[in-house]
Each structure stands twice: as C-alpha cells, then as structure tokens.
Amino acid sequence: MAMRGRNSKVLPSELNKVCPEKGDNPAAYPRKMSDFEVVPNLQQSSSSVCKSRRKAHFPTGSNEKARALITDHFSFKDRQRNPKHLRNPDPLLLFLLPQENLISWIPENIQKKECTYFVESSQTSDSGRIVCECGYLREQHLEDAAKPPIFLGKEWDPSRHVQEMPTDAFGDIHFTGLGQKMGKYVRVSSDTPPRVIYHLMTQHWGLDAPNLLISVTGGAKNFVMKPRLKNIFRQGLVKVAQTTGAWIITGGSHAGVMKQVGEAVRDFILSCSHKEGDIVTIGIATWGTVYNRESLICPMGGFPAEYVLDEENQGSLSCLDSNHSHFILVDDGTHGRYGVEIPLRTRLEKFISEQTKVKGGVAIKIPIVCVVLEGGPGTLDTIYNAITNGTPCVIVEGSGRVADVISEVANLPVPKITIALIRKKLSVLFHDTYELFTEGKLVEWTKKIQDIVRSRQLLTIFREGKYGQQDVDVAILQALLKASRNQDHFGHENWDHQLKLAVAWNRVDIARSEIFTDDHEWKPTDLHPVMAAALISNKPEFVKLFLEQGVRLKEFVTWDTLVYLYDNMAPSCLFHSKLQKVLLEEKELTAGSKMPRIQLHHVSQVLRELLGCSTQPLYPKPKHTERPRLSIPVPHIKLNVRIQSQDCMASALACSKILKELAKEEEDTDTTDDMLALAEQYEHKAIGVFTDCYRKDEERAQKLLTRVSEAWGKTTCLQLALEAKNMNFVSHGGVQAFLTKVWWGKMCVDNGLWRVIACMLFFPLLYTSFITFREKWLQPMGCLTRLRAFFTAPVVIFLMNILSYFTFLLLFAYVLMVDFQPLPSWREYLIYFWLFSLVCEETRQLLYDPDGLGVVKMASLYFKDFWNKLDICAILAFLTGLTCRLIPSTFYPGRIILSLAFIIFCLRLMHIFTVSRTLGPKIIIVKRMMKDVFFFLFLLAVWVVSFGVAKQAILIHNEERVEWLFRGVVYHSYLTIFGQIPSYIDGVNFNIDQCSPNGTDPYKPKCPETNEDNKKPIFPEWLTVILLCLYLLFTNILLLNLLIAMFNYTFQQVQEHTDQIWKFQRHDLIEEYHGRPPAPPPFILLNHLQILVRRGLLRRPATHHKQLKEKLEKNEEAALLSWEMYLKENYLQHQQCQEKQNTEQKIRDIAQRVDVLAELLDLDRVKRTGLVEQRLVSLEEQVHQSAQALRWITQALQDNGFGSGKDVPPMGSSKTSEMKEVQLEGKAEESQPPHHVLARNLLYPGSHTLRFPVPDEKVPWEVDFPLYDPPVYSAEHKDMAVQDPFSPSLESLLKINYNTMDGLIDRQSFHGLYTVQDGLPLNPMGRTGLRGRGRLHCFGPNHALHPVVTRWRRNSDGSIIRKSLKKMLEVLVAQYPLSDVWALPGGSLEPGETLPLKLKWILRREFWPQFQNLLKQGTEIHKGYLDDPRNTDNAWVETVAVSVHFDNQNDVEMKRLNSFLQGCDPELCIRWQVLDKRIPLHANHKELLHKVSTLLGAYY
C-alpha cells in the first residue's frame, strides 16, 4: 500500500478568501422588474465554462508537462492580480486553466486527516498484522508517528492524535473495464464545512444547482427485491431526477441501495439520447472503507486516476460504484470504520436544502426528499432525523426490513403501535438478527416509529399497486408537495412555493393534479411571476396551463415585462445570441465602452430579420424616454403564447417563419428537427383555423388574408405564409380561390379564357353579356368603367403581355435571320424601342418600394428571383450585341451575341407558362433536374478528362496546339459517349491522309506515332481498346443510368408535391401582373410616364392594391378579429374532441375511470364498515347502560330485602364495557393525543441532551416501566434571579414547598395536588424521558399567560370577510429576536408579576394597566397543562389563555393598542395575521387559536 501523505505539505487555509459570498462581483447593470415580486438573477459563475470541459482529462503522466507549460506562461496568482493577461490566451491554455485552477484550489481549501500517533491496538488486520487504534498499519503512518512525544500519553485520542493536512486525493476517477466510465472525486476531512464542498461542486466541478435533492438511504448490503418492484423503483427514480434536474445522493459504494441507484442510472444512460443529459449521482462514502483507494492518491491530482472495481477481494471493505458521477470520500483518519460520512452528509444535505436557486426570475429553496429502501437500525435513525428536521420521506414497501416495518404500521393509529406489535414485526422481518434486539432497543424503536408515523404529512408509503407501474416519480413529488402543503405558512406563501417547485421541476402533470385544485383559488395576477419564469425557462406546457387558469396577456405583457423577458433569456438560446450580435453592432457604431442594455427596438431588429423585410419594425426606437404603446399583447414573446392572441392565424404563421429561420442557424440536428416539427404544427393550426373561417364566411376569411396586422409589423397573413414558405397554407383551397379572384380582377372567375381573348381582339363585346363582372356597379351594359375594369384585370394584362412578348420574339427572329443590315432598318429600331420599354419595366420593378425598405434591400429582393436574373442576362447580352453590332469592325460578333441573347429571351417564356396547371409543374421539375445535371456533370468531367488525357498522351506525341488539345481531351472524349468513336483509336481504320504528321496543318489533327518505314501506328492498340471499353462502361452504363435514376427520383419527389409547389409559385406570377401597368410593351412606356409624373413631380408614395394588402377600420377590424377568435376556440375544442375519440385516449380514459371507481368502492367499503362499527358501538353502549340499570335495580331490591344474592341472574361480563371504553378511547386518541407529545421529543431543545425514549403506552406513571432510566438535566439561567437549584440535592429540595405558595413562587397546579417523590414533583401528565427542571426556572408548575388578541378580517369597505360561510379572524402574533418562529404575545410569568416579560416588551409601559383591564374583560379559553418541549418529569408549563376580541373595527381600545404597538422595540416583528390552521406558530399555541375560533364561531 502506498505511503499516505508522505509527500504532502501543510498549507494554510484561506477558505474565507476563496469562497466569497454570491454576488460579490457586481453586474454591469441591475436587472429589475417592479411588477414581479421575485429575486433578481444571480451573477453568472464560471460553472458553465467548467461544465463544458468537465469530461476533458489528460493521460497519466501528463500533469507535470501541463503544469510546467502553464507556469511558463504565467502563474496563477499573477492571473488573479492582472486579468488583462487573459485577453488573448493561448488555445491550449484555455483547455488547461480550469484543471490548473482546481489543482491549486483544492489543497488550499480541502483537508484530509492523518493519524500522527501510533498506538498498538489489541485487534489485528485481516492479514494478522499489528495495527494502530486508527486501523492503519505502522508503515501507513507518517515517519514521525512511530516516535511520539511523551506528553501525548499512551491512549489513542482522535481529537489529539489525528491531524488535518492538505488532501492528496482528488481529480477524475476512471473506472477500468467494460464501459470505462469517468467521474470526479475528492477526499475531504470529516470536519470540512459544507459550503466548501458545495462551492467545489458548483464552481469547480461545473454542476448546476439542483432543483431537487434526493437522498437515497437504506441497506448497505446487497438485498433481494422483486423484479417488478426493482424496475418500477429504478425507472421512477431516474425519471424524477431527469425531469426535475435533481441531484441523487447515496453512500456511493457498489452494494445495497447504492448499487440499485447506480444500475438505474446506468440503464438510463444506455437507453437515452445525448440530448436528455446526464444525471448527477453523488456518492458520499467513508475514505477508510474504500477498497483499492491507494490508486486514488495523487498529491497533485489524478487526471485521471485509474480505479479497479474488484468485489471478489474487497473483504470487509467496499468498492466504489462505477455508475456514480461524483464521489466525496470522507476521512476521519481511521480505517475500516463505517458510518463516518453520515454527519458530514447530513450537514451537506441540510446546507444544500437551505440554498436558494434563482431560475427564470423565480427563487426557490432547494427541496429535499429522503427515499428509503430496506435498511437496518442506521436507516431508522436516518428516517427519524429526517422527519424531525421536516424532510419528507418516501418508504418503498416491499423492499424489506425497516422499510416494511414502517410501511405495515403507517396506517395504524399511533396508540395501536405498541411494543408488542413492533416486537412481532421485527421477529418476522429481522428473523436473522432478531436475537440482537434487546428490550431497550425495542422500546427505542417503538418510540421512534410512533414519532415517524405521527408526522403523517411527511411520510409517504409507495405501494406497488397504488401509484401505477412507473410512478415512483409521482410518489416522490407528491410527498414533497404534501409536506409543503402541510407546512405552516402565511396566506398564499405555501401555494406559491408549491407552484414554484412544480415549475422548477417542469412537471405540469403534478401542477394540474396537486396544485390547481378546488382547495385554492388562484388570481391571475398571482401567476404572473411563474408565467415569466415559464417563458424564460422555455416550458410551454406551463405557459399553456397558466393561460388556461386565467392569465390574460393584455394584463401580463407590459413594456417592462417584455424588456425583462428578453433580458433574462437563457444564453444558450439562439435568439439570445442574435440579440447580443445586434447589441455588439450598436456598441461598435456608438464607440461605447459598455454593452448597451437590451431594449425593444433591438428585439425588433432581430424579429424583422427573422420575419423578413416585408414587415415593419415591431417596436420603433423611442425618442428620449417615450415608450410606444403596445397595440396588442405581443404574442411572439415566446412561440407558445399564440393560443390567447386575437390575431391567432397571423401569429401562428409568424411563429412558423421564426422557427424555420432559427432552424437554419441551429447547429444541433435534434433541435433543428424539433424546430421544423413545431413550425409545421403552427402551420397546421393556422390551416385549421382558416378552414373553419372559410367554411363559415368566404369573404371574411379572405379579408383575414389581406388584413394589415399591426402586431406583426404591418404585414398580412398571406405575406407571412409566403415568407415562411408554408406551401400547405398557400395551397389551401380558400387561399387559391382568393388568388384566382385576384387573377380575374373585377370579372367573375367563371368566365372562360376564350371569352377573354375574344374581348381582347374585339372589345365591343364587353358591352354585351358576353363577359360578366362581380361588382354590381359594373353590371350596366353602357358603363364606361367596364372597359377599364376589363383591361386592368391581371389575367388580361398577362395575356396582352404574352401577345406582346411573342410579337417581340417573332420580330427579333425576323431581323436576325432576314433583315440584319449594316445600317439598322425600321424593324430593328422598333426592336430597340421595344427593348427600352422592357428595361424601363425592369427598372420599375427594381425601384418599386411600397413598404419603404430602401433601394439596397429592394435590389437584393429583386435579384433573389431567378427570372429577374434571366431578364438581366438577356438585356445585358442584347446591349452587348447591340454595341458590337453598331461598330463596323465587330458587326459579325454582334450578330452572334444577339443570337445568343435571343436564346435567353426564349428561355424567359418558361416563366409565362408557370400559370398553366399542366405546364407549370413540369417547369418546376425541369428546374429541379437542372440541379441534378450540375452535380452529374462534375462526376462526368472526372471520367471524360481522365480518359481524354490518357488517350491523348498514348496516341499523340507533343501536341502543342491548344485548340486541338482541347478537342482531343474533352471534345472527342465527350462525343465518344454518344457513339462517335475515333477511327484511329484501334489502328485498324487508320488513314494517314486524315491527319497531319507534324501537326502543321491547322485543319487536321496531329497523327499518332507511326513506324517510319511502313507508316503504321506503333501505339499499343490493345491498351487503347481496353481503356475505351472501360470508359464506355462507366460513362454510358453507370453514369448515364445514375443520371436517369436521379431524374426519376427528382420527378417522383416533386410529383408528389407538384400541385402544392405550383400553387405556391403561382402567387408570384399573380402578384407580378397584379401590380404591373396594364399596357403591354412597348405601350407600357405611357404608364411609366404616368408613374414618373405622380411620384417624381407630385411626390405621391407607392401604395399596395387593396386586394392584396388592406388596412381596415378599427371597428371592422375588431369585429373581424373577434370572429376569428370565436372560430379559433371552436377549432381547438374540436381538436380536443378528436383527441378524445382516439382509441389510445379512450383506453387511457377508461383506465382512469376504472381507477376512480375502484377508489370510490374502497371508500364506500370503509364507510360501510365504519357505519357498522358505529352501530355496534352504539348497541353495545345501550346494552351496557341496560345492564348497569338492571344491576342498580337488582342491588336496590336486595338492599330492601327482596331476594338473595344467589338468585341474582348473571348480568354479563364486563369485557363489553371495557372493549367499548377502549374503542372510544382509541377514537379520541386518533383525533387528539391522550398524552403529551412535544414533551417527549428525544432531543431536548437548547441542548445536546437526549431523552429516554417513552412510547405512548408507557407515559402514565401508573404503568410499570422497569427499564425507565431517564437522564438528568437542569440548565443554569444566569440572567434569572429566581430559579431552583441547579443540582437537585436532597437538602436543597427539602426547602421547596410544593402544592402551595412558596414565597412569591406559585407552585400550585391548576389540576390539583400533584405527587412529590424523593423531593421532586412528578409531571401530572406522565413520563417525559428527562429528569430535572430542564430549561424551566422552577420545579413543579411554571405558570404562564397567553393573551389571544383577535379582530375580524374586513374588506376595504369594512365588511367582514367570510370563508366557508364562516367569518375570518385576524390574530396578533409576534416574532422575537433570535427566533425563527412566530408566537402569541405572552410567556412565562415572573414571581409576583401579572404580565409576562415578553408581553411587557411588546407593549409600552403606560399601556400595561389598560391591557390588564382588557384581560379581565376577556374570556378564559384554557387553564391548565401546556404540552411544551421544555417540560420534564419534574417541571412543566401551565398557562392561562385569555381571548381578547375586538368586535368593532372602530373600537377605541384596539386603536390605542395599535398605536402603542407601533412604538415598541424595532427588533421585534409584530403583525395582524389571518387565522387559519396553517398559521406558522408553536403547535401548543395553535391549539389555543383553535379554541378561540370555536368560541367565536369563526373559520379555522
């Protein structure tokens, strides 16, 4: 074994410097939102940086090299002192810094323990060698440990002989073998402060603070569980940890419950995707019991440390579990002693549970739950301590031993849990070790189990058939909520806390079933903070739930709210990075030193980038401090708020567009798929709403398409759908009907196309019934506007442009082929003029900017269109050819260029045919195939060039002519594919006359190398033939068939969606001709002249046609949106009904109903059984009364001489009456304990003294209890002048006069005379487990006074508030310094005083007499024994509780009392609090409040 700590040096601890409090580093600016009562976000730590490099490690032996490299650059302290050195760090340093930081931080702040004094033990090691009392061998100690100084003594004392020094075991632990798993580990002293370990985990190990802490405890040895229960437990535990972001804490060893947890985590990791993340499983084990721990020792850190899991040779030690992610190994300097880690684990769990986590603007204290499987005596202590500290426990029934003992008695009344019952349970469940249980142990177990069961609100028993097969997670979360629900609280604090927990856990199912119930009424404003948290944390299900619960976006969304939401987005969000980019650009423009704060105009820039340039800025940049009004509750804050937006269809389409744009920039493939799927869902929702609208009213539905939406940047639904390329929406029948309507203008859509062409050729037909119009004012035959309406229709403009374009092409072709003279003819000049009109039209399209986007943006949009690019190419080619044509020297090249331009103009015809339902889809297919041809040509070029170069090099020697090189390499090789094989390639058909021997003839290729004698080719014909065959094989057969397959695939793929694609692209053509001037080229120049005069001279802006973009009046728009909202609700309800009609949903509903029915049957059975029992008890009581009456009559007759005792008939056994009394007592005990409970808590308050355990059955003094041997404790009060002797000696006790006035001390009990035994009084309520007077001042009764001051709770108008038809009270409560709980304003009475000191502290001196008068006028509600934790066997508290109630809100005495309360000590906290059963007071004070509410008939 390695020497422990031999090379270590003791370093000074600088813990307070290294672990600063959170928030020491000020943020750049505070983040506040006055509307939300939430804690602002904590300063971001370096945990995220550490987390990203958490799994990085070095191979063994690389630590020194890495450390030397970093030291050469700069030291750690220099980096702290001068952070400017880190501005441009070396990339390798960025990788090494977190590890080097850890190497220096851990030894400075975390210690281990070493035995420094070897004392030979009577026991030996497993190998029979001599060991020290600490358990280690002599050679495992430090060198000086074997030569101890004389003053240390001979006996081994851990407090003196164990010393702390810097830890020597930390880093990455690497489990060798199958899987090779990696984790973190550290060896810590058992006295390490919990905050240091928490700092290590969160700041250096990179763990995010948990939303929940699950402490799993139970059997440390392997035990057998039912396979079904094991699977249920594993799946449920992992599910709750994964869904809530919890930490699981176990003992960390590879045995027992720790092994079960590890295997559960392992199974989850193997079955889940990387996206679901890791589960943090922390093992806290004892260093001295870890087998093979020598491999973990590395003074400078193990990165990694190789650890071998060897169960066969571990002996009495334990191996670490390889499925845990982090290990904290607790060292107390000993070897082989289990349980060392328990105190540190308890302190660490308590510390973590006291931390506040802020996420999404909502602060929650980290909740903790204890999950128990199996277990022994240590597990029972763990459960008892957890219950005592208020930690909820989940006991898994069926796992064995302690878990089953508690599970079997959990539903019994506490009085029925007796020593005999526990003895019986232990004999069955602990049959192997039952003989080790002594009588004292049984008493202790009985007492602890009674206290555990008494706190039923903290105890949850998981039974396999109760919660379902995989609902351990539900049981755990319900246990937490049940505990939280039963905690004392003020007002809505408890419900708010539960809801915050559910949001933090992201468990909307728990929120629906446990929180949003009829037990509490939620106000919409109460949900605003958690609504913001759900939006920031990206939890759409909770947002939907809050909207269902009444949250109104108009009230929730304010200017400050929006700024707060965008300011607190998660840094991992893609929108956040785009927003930061905008801020950085603004910072560079303004040349500022600080990053500007997020404002809504920054958000507007990002949204406009995502939505497209057709939208206007949603939030214009405010001038100075003005804030533009939010016209609508902006639904794009998050993509899931669309449900409540009035403009729902536009919101859904906008969200679809945003998601598709974000998906393009998202790097993670899974996230991209999720975004695209969600975008498709939004499109589907928009289609569903529009379908319902279109079915109800076609005209109003089409208005929704063209209505200008102020909420979405003054754009329209149709434009949003086009920007998002929502083909399904655009191809909807209603949208296509609208486009067809726009296409036909004011004419009816049922006019035949031949009718339109006939009217174009002979327009007088318009004044007949040959063409029909939709508008009524166009119906008269003599209307002159019919002519204008006809020729401004897009379909007519399109046909006229086709006729014009065909005329242009025919004239162009005639000039090129027939009339192309050196001097242009009139026909050619007409072509130039025609082209000029086309150029003017393209210029108009380029500069047409009705939305005010700017020339640059319009140019980019113009050139995105393929057909516009083709137009520009054709025009440029024509202008180039025209220039060359006008120059005599380039006349012929000009004609060639113009011929090429004619080809491009002809290709432009394809755009015209896209309007055709038959040809349009085929043109789309051709465009897609062009892309396939491009990729195919790349593959083909490889084979063509390779074969061509090889052929040319083999056949021709030194061909220097470039043109013939190109022909031989590319041209001939390409033609070979189509069958034109060169005749000389095989030497058979070689003819020397067809080539030039020296390559001098420019019209002949150079001859192949030939024999000088017979002029025959000398190249290897066999080789060229083989190359040719291979070439044709791959090109003609392989590549050409590949091209055919690609075309076939493209055709089938496009053919499936060809109708949608054609309908989508049809809009572009319709929009183009809808906004195009009606005259065709070249007459279109007249329209251009008109536009130039209107916009250039008259300065009139460009406007949209109302048919495509229409701004409605406010009243009309409000009515239209209300109609849309109504149909949207109908659509959602219809969707829900369809989901319910689903077969799977029906099965789930039936299963749920069966479960509910089974529960009702169980309840009915219980009620019937209870009713029968009540009737039997009543019958027995009547029989008992009859028997007593008969006995009295018989006795009376006997006394008067009638009959003798022998003649008396038997009156029945007294067992019936005894049973009746026992049953009645049992029922009374269930409602209220018959004996004091608080006075028997094992840990006496304010001390480390433990009471002797006293079960309920042993409380009365009359019951024999031979084992009863309580400790003695009496505290000394230095500030009290009057107190009984500290040590109860007989002489001092004999001076005390009990049951009478002893000077100023009243030792009389309200319950009459009490027993005095051996000079000490006995508690009239029975045993408490402690002798002496404890923290009380006197033996016997200690009198107290508790005034209960109440008033009615009233509304602002003075009316009394009621709940459950009962009036509600407010009670005066106080919180004293150094106290965490609230109490009634009263306390112990000093000898000779009439008012308690605490009450005098609250009231001013001048008000004391008046308050005494109020007490005299009050009603006494309690007088006698008070169950107080300070009570002992010989001293107890008795109190008088007086109700002082102010019935009138204008009561003079109440106003005077309030005035005197305002001037009391500022260290006190005094308040009027609503009275109910959850008010956070001492338990005995709450009993007094219950009596007051009963007296006044008020709500409790």
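Before reading further, recall that the structure is shown in the block above.
> How should I be thinking about the overall build of the protein chain in this particular structure?
Looking only at helices and strands, the protein chain features 49 helices and 30 strands. Out of the 1500 residues belonging to the protein chain, those deemed buried represent 47%. Contacts in the protein chain between residues far apart in sequence, at least 24 positions, make up 71% of those at least 6 positions apart. For the protein chain, the accessible surface area stands at approximately 77,300 Å², while carbon and sulfur atoms represent 56% of it.

> What am I meant to see in the sheet that holds strand 16 (residues 459-462) here?
Each strand in a sheet pairs with another by means of backbone hydrogen bonds, the pair being arranged parallel or else antiparallel. Pairing within the open sheet is mixed, and its 10 strands lie in the order 10-5-6-11-9-8-7-14-15-16. Sheet topology places strand 10 (302-307) and strand 16 at the edges, where each strand pairs with a single neighbour. Adjacent strand axes in the sheet meet at a mean angle of 25° when their direction is disregarded. Relative to strand 6 (residues 182-189), strand 5 (residues 170-175) runs antiparallel, the two sharing 5 bridges. Each bridged residue has a counterpart across the sheet, and for Asp 172 the counterpart in strand 6 is Lys 184.

> Which parts of the structure should I look at to understand the packing of helix 7 (residues 194-204) against helix 10 (residues 341-353)?
Two quantities define a packed helix pair, namely the angle between the axes and the distance from one axis to the other. Following both chains from N to C, one finds helix 7 and helix 10 inclined at 65°, their axes separated by 9 Å at the closest point. Judged on the interaxial angle alone, helix 10 and helix 7 are roughly perpendicular. Of the two elements, helix 7 crosses helix 10, and the hand of that crossing is right-handed. In contact with Pro 194, Arg 195, Ile 197, Tyr 198 and Met 201 of helix 7, helix 10 contributes Leu 344, Arg 347, Leu 348, Phe 351 and Ile 352. Split by residue class, the contact of helix 7 with helix 10 holds 8 nonpolar, no polar and 2 charged.

> I'm lost on the pairing of strand 26 (residues 1369-1375) in this one. Help?
Within a regular beta strand, the side chains point alternately toward one face of the sheet and then the other, so they alternate between its two faces. Most of strand 26 sits inside the fold, with 7 of its 7 residues counted as buried. Sheet topology note: the strand 23 (residues 1340-1352)/strand 26 ladder contains 3 bridges and is antiparallel. Paired with Thr 1350 across the two strands is Val 1371, which belongs to strand 26. Sheet topology places strand 26 next to strand 30 (residues 1469-1474); 6 bridges connect them, and they run antiparallel. By the bridge assignment, Leu 1372 is partnered in strand 30 with Trp 1472.

> Quick question: what am I supposed to make of the packing of aromatic side chains here?
Within a pair of aromatic rings, the relevant descriptors are the distance that separates the centres and the angle that separates the planes. Scanning the entire structure with this criterion turns up 41 aromatic pairs. Their ring planes at 45° and their centres at 5.5 Å tell us that Phe 516 and Trp 522 sit as a pair that is tilted. Ring geometry for Tyr 829 versus Tyr 832: centroids 6.0 Å apart, planes at 85°, classification edge-to-face. Linking Tyr 829 with Tyr 832, this pair stays in helix 33 (residues 826-847), spanning 3 residues, or about one helical turn. Residue class for Tyr 832 comes out buried when judged on its relative accessible area of 16%. Taken together, the aromatic side chains of Tyr 805, Phe 808, Phe 812, Tyr 829, Tyr 832, Trp 834, Phe 878, Phe 902 and Phe 905 make up a single cluster linked through ring pairs.

> Help me understand the nonpolar core in this model?
Inside soluble globular proteins, nonpolar side chains tend to come together where they are buried. Of all hydrophobic cores here, the largest spans 178 residues; its most connected members are Ile 214, Phe 546, Tyr 566, Phe 729, Phe 878 and Phe 905. The element best represented in this core is helix 32 (residues 794-817), accounting for 14 residues. Val 402, Val 414, Leu 459 and Phe 1252 belong to the second-largest nonpolar core, a separate cluster that totals 40 residues.

> Would you mind going over helix 7 with me for this structure?
Structurally, the α-helix is built with 3.6 residues per turn, so residues lying three or four positions apart point the same way. Within helix 7, 10 of the 11 residues are buried, which leaves the element mostly enclosed by the surrounding structure. When helix 7 is considered as a whole, its buried residues turn out to be Pro 194, Val 196, Ile 197, Tyr 198, His 199, Leu 200, Met 201, Thr 202, Gln 203 and His 204. Of the residues trailing helix 7, Gly 206 is marked for its positive phi of about 75°.

Rules of the game
- Residues numbered from 1 in each chain as written.
- Predicted model: local features only at pLDDT ≥ 70, side-chain atom pairs only at ≥ 80, totals over all residues.
- Heavy atoms only, no water.
- Helix = DSSP H or I, 4+ residues; strand = E, 2+ residues; numbered from the N terminus.
- Buried < 20%, exposed > 50% of the residue type's maximum accessible area, 1.4 Å probe, protein only.
- Contact = heavy atoms within 4.5 Å.
- Areas by Shrake-Rupley, 256 points an atom, 1.4 Å probe, with all protein chains shown as cover.
- Pairing = 2+ DSSP bridges.
- Axes fitted to C-alpha atoms, helices over the stretch in contact; angles between N-to-C directions.
- Parallel < 35°, antiparallel > 145°, perpendicular 65-115°, else oblique.
- Left-handed = near helix turned anticlockwise from the far one by under 90°.
- Nonpolar A, V, L, I, M, F, W, Y, C, P; charged D, E, K, R; others polar.
- Phe/Tyr/Trp six-rings, centres within 6.5 Å; stacked < 30°, edge-to-face > 60°.
- Core = buried A, V, L, I, M, F, W, Y, C linked by side-chain atoms within 4.5 Å.

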